[in-house]
Amino acid sequence: MDIKIRSSDPAVIALCPVAEQEGIATVFDRYEMQQPQCGFGTLGLCCRICWKGPCRVDPFGDGPQAGICGAGKDTIVARNLIRMMAAGAAAHSEHGRHIALAMQRVGKGELPDYHIRDEEKLKSIAGRLDIAVADRTITDIAYDVATKTLEDYQNQDSKVPCHWISASLPAKRLSLLGKLGVLPHNIDATVAQIMSRTHIGCDADPENLVLGGMRGALADFNGMALATELSDAMFGTPKPVVTQANIGVIKKQAVNIAVNGHNPLLSEVICDIASEMNSIARDAGASEGINIVGICCTGNEVMMRHGIPLATNYLSQEMAIFTGALDAMVVDVQCIMPSLPQISECYHTEFITTMDENKMPGARHVSFHEDKARETARKIVQYAIDAYGRRDAKRINIPDIKQTAIVGFSSEAVMAALATLNAADPLAPLVENIVNGNILGVALFAGCNSTRAIQDENFQVIAKILARNNVLLLATGCGAGAFAKHGLMNQQATEAWAGDSLKAVLTAIGVSAGLEGPLPLILHMGSCVDNSRAVQLATALADRLNVDLSDLPLVASAPEAMSEKAIAIASWSVAIGLPTHLGIVPQVTGSAVVTDLITEGAKDLFGGYFLVESDPALAAEKLVAVIREKRHALGI
Ligand code: XCC
């Protein structure tokens, strides 16, 4: 296999031959082995919802047109799609619940290993949730914020929408979503309702199903907004920090520990403990002590808060082990390939699972609970130090591939940078430059990598074209990882790729904010749950202009979307009014009705819609055209 047709990441291109030489299959090999993939599944036409099945509908119209129960293609496709949205919502919201429960216990004084690191942020959250702050202790406020947040998982009054979505979207959008009946009142209930209505013999109406799915997707938004905001209060609100990204951040002379997954509750403590255990690592022979590196969204979390370098993003997570210098990979939840423990077994790498509900065959499981966070982290770091002693020097191969990245642009950080230009009215410089066309529009890149595309390629092609067209670029998740690895999140990239007027704006803000040069070409807003940061910024803009989100020259793009979480994110992006590009054809095309519902139909209802285009250059052109249309409608 020519790896260049599977990945554009030079580190992957350097390390895949190592895997081949060792006779170990990678995600790219397994993709080849799966070809050709099932056509029915690709079209969304395979139903496995009951044990009379699996059933499938013949897309050419010759064979069966309904499953054994009578469900036709539209019902089957819609049910499959919204179950994926529910799974995505469940994943983000479990993450959020975990953080909220931890904060509630911090509020009760039960977790000495955690603190409220950003008290101002906590107070501002309290203000948004109508919780009093005057003359109160920070722990009391934390308790109330967490308790009110947890009501979003408990409220049984379907007329009262979740607190977080109500506190996060413009009034116009909330009113529209309320009228459409898609504002969630309870995250858990919304997810349960999707599972219930898609059980055999329930909702069979594709439009009703898709609307129910959109409600679940908005519950996903609610779950990620609360996860982001509470994490900031507990661990700090990100500020711009200079770091490095790609596999070359692994160091030969250090005990290398990769943190992989999503939830900062564990990785934050590991970062603290690692700095305390440096001398033990040095005594074990690692002259550079302990080197924590990040993968996927745990990587984004620790990168933006502490400048911890990013080793890689989703599709290349296996590559870190092939360096022969990764002493431990510590994982929590989501997007962790089950192949990792088996590959680790071929090396000296300790592969450690930590969450009791996420175990993997072949892994060492160290059960993580917040009560004993520091003690558990210490044990994990010690396993890594012990593994360092078992390294095989002959198998060490760390390609010297890494790029500088400036990351950590929370909405607060963006506002702070803008405030250096206009302290009284920080949004004014952004609004002025959008109105006068120096900034044509804004694009948010989110989502994963998929083997259905050349890894990271779509992100790069689309971003460079949009930047040339003076579109301001934001990124989260593995998209952000892709840009960081490929050197598109630094000042040199702004010089190289930004159109003239965008470059002038990024330079004015960057210089004024003390960066001694422009802002990076693409602003790193964080992990997947941090897509809510971009919505926060967009909501501020919409409120300022007294328009709805769907009126703004703002688009979203998930060029390599893959996970159920990405499907949920892309769906709420549509529901809040954004034209949302997908570079991977979603598994819905077996039903013209559902395809039409999420494209043209959604446009009529929400103003947002899916724009599917797998050619990245064409996708970029279409996104620029959409931004121009929005500007035209606004009269700017
Ligand atoms: Fe996708 Fe969210 Fe996972 Fe990366 S890690 S593969 S969901 S982009 Ni968040």
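Per chain, residues are indexed from 1 in the order of the written sequence. Reporting of local features is limited, given that this is a predicted model, to residues whose pLDDT is at least 70; pairs of side-chain atoms are given and counted only at 80 or more, and all residues count toward the totals for whole chains, interfaces and linings. Side-chain numbers here rest on the full set of heavy atoms in the structure, without hydrogens or water.

Caption draft 1: How the structure looks around the environment of Thr198. In this fold, Thr198 is placed in the loop between helix H9 (187-197) and helix H10 (206-235). The contact criterion used throughout is that any non-hydrogen atoms of two residues lie within 4.5 Å. With residues up to four places along the chain from it excluded, the contact list for Thr198 reads Ile49, Arg79, Ile82, Arg83 and Leu209. Under this definition, polar contacts are N or O atom pairs within 3.5 Å; protein pairs additionally need one hydrogen-donor-capable and one acceptor-capable atom, and for neighbouring residues in sequence, both atoms have to be side-chain atoms. Within the structure, the side chain of Thr198 is placed 2.7 Å from the side chain of Arg83, a separation counted as a polar contact. At a separation of 2.7 Å, a polar atom in the side chain of Thr198 contacts the main-chain carbonyl oxygen of Ile194. Secondary structure elements are taken from DSSP: a helix is a run of H or I of four residues or more, a strand is a run of E of two residues or more, and numbering for both begins at the N terminus.

Caption draft 2: Looking closely at helix H17 (residues 411-419). Three labels apply to residues, based on accessible area from a 1.4 Å probe with only protein chains included: buried if under 20% of the type maximum, exposed if over 50%, partly exposed otherwise in between. When we look at burial in H17, the residues that qualify are Ser411, Ala413, Val414, Ala417 and Leu418. Looking straight down H17, one finds that the buried residues subtend no more than 160 degrees of arc, so they occupy a single side. Summarising the geometry, the arc corresponds to the directions from the helix axis toward the C-beta atoms.

Caption draft 3: Summary view of the domain arrangement of the protein chain. How far each domain reaches was decided by an automatic or database domain assignment. As far as domains go, the protein chain holds domain 1 (3-47), domain 2 (73-235), domain 3 (247-395) and domain 4 (404-634). For domain 1 and domain 2, the distance between their C-alpha centroids amounts to 35 Å. As used here, buried area is the combined drop in accessible area, with a 1.4 Å probe, of two parts when they are placed together. Between domain 1 and domain 2, a total of about 360 Å² is buried, with carbon and sulfur atoms accounting for 63% of that surface. Sorting the residues of domain 1 by area buried against domain 2 places Gly44, Leu45 and Cys47 first, and these three jointly supply 85% of that buried surface. A side-chain nitrogen of Lys or Arg and a carboxyl oxygen of Asp or Glu constitute a salt bridge if their distance falls within 4 Å. Summed over the shared surface of domain 1 and domain 2, the result is 0 salt bridges. The interface formed by domain 1 and domain 2 holds 2 residue pairs in polar contact (both at pLDDT 80 or more) in total. Three classes are used, and their members are as follows: Ala, Val, Leu, Ile, Met, Phe, Trp, Tyr, Cys and Pro are nonpolar, Asp, Glu, Lys and Arg are charged, and the others, Gly among them, are polar. Among the residues making up the side of domain 1 that touches domain 2, the classes are represented as 4 nonpolar, 1 polar and no charged.

Caption draft 4: Here's a closer look at the UniProt feature "binding site: [Ni-4Fe-4S] cluster" (unreviewed entry) in the protein chain. UniProt positions are given in the numbering used here, feature names are shortened, and annotations may be inferred rather than shown by experiment. Taking the UniProt record as the reference, the feature "binding site: [Ni-4Fe-4S] cluster" (unreviewed entry) is found at His262, Cys297, Cys335, Cys448, Cys478 and Cys528. On the basis of their most widely separated C-alpha atoms, the annotated residues across 267 residues gather in one place, lying no more than 13.2 Å apart. Counting through the fold element by element, Cys297 comes out in helix H13 (residues 296-306). Those residues within four positions of Cys297 in sequence are excluded, and the remaining contacts are Gly261, His262, Gly477, Ser527 and Cys528. Along the polypeptide, Cys335 turns up in the loop between strand S7 (328-331) and helix H15 (340-345).

Caption draft 5: Just the packing of aromatic side chains, in detail. Only Phe, Tyr and Trp rings are paired, with Trp represented by its six-membered ring, and only when their centres lie within 6.5 Å; those with planes under 30 degrees apart are stacked, over 60 edge-to-face, the remainder tilted. For the structure on display, the rule yields 6 aromatic pairs. Measuring from ring centre to ring centre gives 4.9 Å for Phe221 and Trp572, while their planes differ by 65 degrees; the resulting arrangement is edge-to-face. With Phe221 in helix H10 and Trp572 in helix H24 (residues 564-575), this residue pair connects regions lying 351 residues apart in the sequence. For the pair shown, Phe221 and Trp572 are each scored as buried. Within the aromatic cluster, the residues linked to one another by ring pairs are Phe445, Phe459 and Phe483. The cationic tip of Arg56 hangs over the ring face of Phe40; the distance from NZ or CZ to the ring centre is 4.9 Å. For Arg395, the ring lying beneath its charged end belongs to Tyr347, and the centroid distance is 4.0 Å. In this scheme, Lys NZ or Arg CZ marks a charge over a ring once it lies within 6 Å of the ring centre and within 35 degrees of the ring normal.

Caption draft 6: Quick peek at the coordination of the nickel atom of the ligand. Donor atoms from the polypeptide that coordinate the nickel atom of the ligand comprise His262 (NE2), Cys297 (SG) and Cys528 (SG), at 2.0 to 2.5 Å from the metal. For the nickel atom of the ligand, the 4 donor atoms are set out with angles of 86 to 147 degrees between them, so the coordination reads as irregular. Donor residues binding the nickel atom of the ligand come from one chain and are separated in sequence as H-x34-C-x230-C. One end of the pair, His262, is in the loop between strand S4 (255-261) and helix H11 (264-276); the other, Cys528, is in the loop between strand S13 (522-526) and helix H23 (531-545), with 266 residues separating them in the sequence. Each of the two residues, His262 as well as Cys528, counts as buried. Donor atoms are limited to N, O and S found within 2.8 Å of the metal ion, a distance that becomes 3.2 Å for Na, K and Ca. With water left out, some sites might look partial. In these descriptions, tetrahedral denotes four donors with every angle between 85 and 135 degrees, square planar four donors and octahedral six donors with opposite donors over 155 degrees apart and the rest between 65 and 115, and irregular any other case.

Caption draft 7: Looking closely at the site of the ligand. The ligand sits among His262, Cys296, Cys297, Tyr314, Cys335, Gly447, Cys448, Cys478, Cys528, Met562, Ser563 and Lys565. Tallied by class, the residues present in the shell around the ligand amount to 8 nonpolar, 3 polar and 1 charged. Both domain 3 (247-395) and domain 4 (404-634) contribute no fewer than three residues apiece to the shell around the ligand. We call a residue near a molecule or strand as soon as one heavy atom of that residue lies within 4 Å of the molecule or strand.

Caption draft 8: Focus on a nonpolar patch on the surface. A contiguous nonpolar surface patch, about 270 Å² in accessible area, is contributed by Val435, Leu545, Leu634 and Ile636. Tracing the sequence through the fold places Val435 in helix H18 (residues 427-435). The patches described consist of residues with a relative accessible area above 30% and no salt bridge, like charges being joined within 9 Å and nonpolar side chains (Val, Leu, Ile, Met, Phe, Trp, Tyr) within 5 Å. All accessible-area figures derive from a Shrake-Rupley calculation using a 1.4 Å probe, and residue coverage is judged against the displayed protein chains alone.

Caption draft 9: Region of the structure containing the side chain of Ser267. Of note, Ser267 is situated in helix H11. Take Ser267: its relative accessible area is 1%, and that puts it in the buried class.

Caption draft 10: Focus on the sheet that holds S13. When DSSP finds two or more bridges between two strands, those strands count as paired. Across the sheet, 6 strands lie side by side as S13-S12-S11-S14-S15-S16; this open sheet has parallel pairing. The sheet is open, and its two borders are formed by S13 and strand S16 (609-612), each paired with just one other strand. With strand direction ignored, the average angle separating the axes of adjacent strands in the sheet is 25 degrees. As judged from the 4 bridges shared by strand S11 (residues 441-445) and strand S14 (residues 554-558), these two strands associate in the parallel manner. When the sheet's bridge partners are listed, Phe445 is paired in S14 with Ser557. Between N-to-C directions, angles span 0 to 180 degrees; the directions come from axes that are lines fitted to C-alpha atoms, helices contributing only their stretch in contact. Sheet contacts for helix H20 (residues 477-485): S11, strand S12 (471-476) and S13; angle to S12, the most-contacted strand, approximately 115 degrees.

Caption draft 11: Just the packing of helix H5 (residues 119-128) against H10, in detail. Remark: H5 packs on H10, axes separated minimally by 8 Å, with the N-to-C direction vectors making an angle of 145 degrees. Residues Lys121, Leu122, Ile125 and Arg128 of H5 form the contact with H10, whose participating residues are Glu229, Leu230, Asp232 and Ala233. A breakdown of the residues in the contact of H5 with H10 according to their chemical character gives 4 nonpolar, no polar and 4 charged.

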